[in-house]
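Here is what each chain is made of, one letter per residue.
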Amino acid sequence: MKRIKYLLFFAALILLVSAAHGQISYTSAVSAQRLNYYYSIDTSFAPKVMCVPDNLDLVITLAHETGNTNSLLFLTQEGTNVVNVVRISNYLITDFDIFYNYIVFCGESPSSPLYPTIIKSVGVEDYMSLFAGSSAISTMDLPSNLPFGKLKKIRAYQNDGIMKLAAITDSTYFLDIDWTNQYFDAFRAHSDLNDIIVTEDYVSVLGTISTTQCFIFAHDKNNMQSYNGNRFRTISKYLESKYFIEEMPGSGFYDNFTNGNQAFIGFMRDDLKDEFAIIDLNIMYVLDNFVVDSVSRHNILDLCHDNTYHTIHCLSRGVLINDYIYQPFPHNNYLMAVLPLDTIPAFNYHLKTITPHYNYFIAAGHCYGYGSSSNDAVYWFDSQINNYNSSCFSTKLLIESPATSFRKLGSLTYDYIYLSNILSPSTISSIILNEFYSYECQN
């Protein structure tokens, strides 16, 4: 009966692609610094922000409560300063994705003297139901006897009308999860995995081999055991930042990319330049390669693609200068980077993730002050794409130029594959709260 229940549940997925939402008064992009105060944010966890693909008036943000035991999901609505807050007790969501009407997530139950075994699991919930009130959320537990490590990133994709989940761990494992039939396959690479993307035909994972080499596995979405793996290298060593991967922008979400099966990867070199490459996943060919001179010490934190404007944005953690955002694709010899202004004396904003939203982008993070850890807040920074006149932001000039240092090496295979592992259905509970956020600076 449980299996029939899940089959029926996701048979409705295709019918809900264009589900209606309540009308929200949209105010045009504001180029502002906005924040949500919350009394117990864990600032050691990197908050993640995403816009709902079929209703861009809605923004969902993930954070953790202080104490490292509870997760928080925020739903903000454009045109209002109200935010619905869902608290999920005794469960730590490490990453989430949005697939049509569903929030897809991965995480684990925290250990305690009463429950020393950490349960790793994935879950799926209709976001309208989640933010409508307290509810029980369906999850699937992974076997506790497999040495996978913590689930780090998750993406959802569609295969023959069925939603599937792809996840990587904080070690060397890639998991392909069939939620409907309650089983998964696991692929063990020889080096740590950093990132995961879904393109038109592939689910691809990227990892780091050394300070000069990375690797990509591109799995056929219709047959995940059919894959191509290749190593790539650079002339210059990378420094601190791991390699990041992003699908190239296209005209739709998930399954309709006009650029088909191209991936955009980036990393920071030891000469303080960011290097980027565009890879054709069909043949693992380097289509383009270029560098951006960042001028000062920093780390790359996140990449995002904008389907509307066919662009890629890069979020960097500054050391001498504040965190900043710039657009490395399409190529431009002279790039203008956007920096949030410090409106509180002696405080610095540490951004974590970035997502596009209409004709502007949103980055989420925390605010840190000298002599204190943080001010217990999750910040959203909005800036209009290609608009550098906001009084809430400053800018700096970057130089972009062609490169030829990134090149393909030999093929690669997984060390081991675990097939047809059984998942165990379970539930976690949530309660709904109400808070508000305010503008710190508005142009």
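Source: prediction; values computed, not measured.

Trainee: Report on the sheet that holds strand E11 (residues 162-169), specifying residues and quantitative values.
Mentor: Reading across from one edge, E10-E11-E12-E13-E31 is the order of the five strands in this open sheet, with antiparallel pairing throughout. Edge positions in the open sheet fall to strand E10 (151-159) and strand E31 (416-422), since each of these has one partner strand only. Direction aside, the axes of adjacent strands within the sheet are offset by 20° on average.

Trainee: If you had to explain the nonpolar core to someone new, which residues and values would you point to?
Mentor: If you look at the biggest cluster of nonpolar residues, it comprises 25 residues, and the most contacted ones within it are Val-104, Val-122, Phe-148, Leu-165, Leu-175 and Phe-184. If you list the elements that add at least two residues to this core, you get strand E7 (102-108), strand E8 (120-126), E10, E11, strand E12 (173-178) and strand E13 (183-188). Membership of the second largest hydrophobic core comes to 21 residues, among which are Ile-60, Tyr-91, Leu-130 and Ile-428.

Trainee: Break down the packing of aromatic side chains for me, with residues and values.
Mentor: Using the criterion set out here, one finds 23 aromatic pairs in the structure. A ring pair is formed by Phe-148 and Phe-184, whose centres lie 5.9 Å apart and whose planes are at 75°; its orientation type is edge-to-face. Of this pair, Phe-148 sits in the loop between strand E9 (135-141) and E10 while Phe-184 sits in strand E13, and the two are 36 residues apart along the sequence. Residue class for Phe-184 comes out buried when judged on its relative accessible area of 0%. An aromatic cluster of at least three residues, connected via ring pairs, comprises Phe-174, Phe-187, Phe-215, Phe-217, Tyr-227 and Tyr-414. The aromatic ring of Phe-96 is capped on one face by Lys-48, whose charged end is 5.3 Å from the ring centroid. Above the ring of Tyr-324, the side-chain terminus of Lys-396 is found at 3.9 Å from the ring centroid.

Trainee: Quick one: what's the story with empty space enclosed by the protein, residue by residue and with numbers?
Mentor: Per the counting criterion, the structure on display carries one cavity of 30 Å³ or more. As for the largest cavity, its lining consists of Arg-34, Thr-76, Ile-362, Trp-380, Asp-382 and Tyr-437. Taken together, the residues of the lining of the largest cavity break down into three nonpolar, one polar and two charged.

Trainee: Describe a nonpolar patch on the surface, with residues and values.
Mentor: There is a patch of nonpolar side chains on the surface, built from Tyr-334, Met-336, Tyr-388, Leu-397 and Ile-399 and spanning about 470 Å² of accessible area. Turning to its location among the elements, Tyr-388 is positioned in the loop between strand E28 (377-384) and strand E29 (393-402). In this structure Tyr-388 comes out as partly exposed when scored by relative accessible area, which is 34%.

Trainee: Residue-level account of the confidence of the model for the protein, with values.
Mentor: Per-chain confidence: the protein averages 82 in pLDDT, with 84% of residues scoring 70 or above. Every residue in residues 1-29 scores below 50 in pLDDT, and together they form 53 contacts with partners more than four places removed in sequence or on other chains. Contacts of residues 251-258 to residues separated by more than four positions or lying in other chains number 33 contacts, the stretch itself having pLDDT below 50.

Trainee: Lay out unusual backbone geometry in plain terms, naming residues and giving numbers.
Mentor: Cis geometry marks the peptide bond from Phe-329 to Pro-330; its omega dihedral reads 0°. Relative to the helices and strands, Pro-330 resides in the loop between strand E24 (324-329) and strand E25 (334-340). For Ser-420, which is not glycine, the phi dihedral falls at a positive 55°. Along the polypeptide, Ser-420 turns up in strand E31.

Trainee: Can you lay out the pattern of salt bridges for me, pointing to particular residues and giving the numbers?
Mentor: Enumeration over the complete set of coordinates arrives at eight salt bridges. Salt-bridge contacts for Arg-87 lead to Glu-65; the nearest nitrogen and oxygen are separated by 3.0 Å. Taken together, the residues span a long stretch of sequence, with Arg-87 in strand E5 (residues 82-88) and Glu-65 in the loop between strand E3 (58-64) and strand E4 (71-77) at a distance of 22 residues.

Analysis parameters
- Residues numbered from 1 in each chain as written.
- Predicted model: local features only at pLDDT ≥ 70, side-chain atom pairs only at ≥ 80, totals over all residues.
- Heavy atoms only, no water.
- Pairing = 2+ DSSP bridges.
- Helix = DSSP H or I, 4+ residues; strand = E, 2+ residues; numbered from the N terminus.
- Axes fitted to C-alpha atoms, helices over the stretch in contact; angles between N-to-C directions.
- Core = buried A, V, L, I, M, F, W, Y, C linked by side-chain atoms within 4.5 Å.
- Buried < 20%, exposed > 50% of the residue type's maximum accessible area, 1.4 Å probe, protein only.
- Phe/Tyr/Trp six-rings, centres within 6.5 Å; stacked < 30°, edge-to-face > 60°.
- Lys NZ or Arg CZ within 6 Å of the ring centre and 35° of its normal.
- 1 Å grid on protein atoms, 1.4 Å probe; cavity = no way out; pocket = protein on both sides within 12 Å on 5 of 7 lines; lining within 4 Å.
- Points joined across faces, edges and corners; volume = space filled by probe spheres on them.
- Nonpolar A, V, L, I, M, F, W, Y, C, P; charged D, E, K, R; others polar.
- Patch = residues over 30% accessible without salt bridge, like charges linked within 9 Å, V, L, I, M, F, W, Y side chains within 5 Å.
- Areas by Shrake-Rupley, 256 points an atom, 1.4 Å probe, with all protein chains shown as cover.
- Salt bridge = Lys/Arg side-chain N within 4 Å of Asp/Glu carboxyl O.
- pLDDT = per-residue confidence, 0-100.
- Contact = heavy atoms within 4.5 Å.

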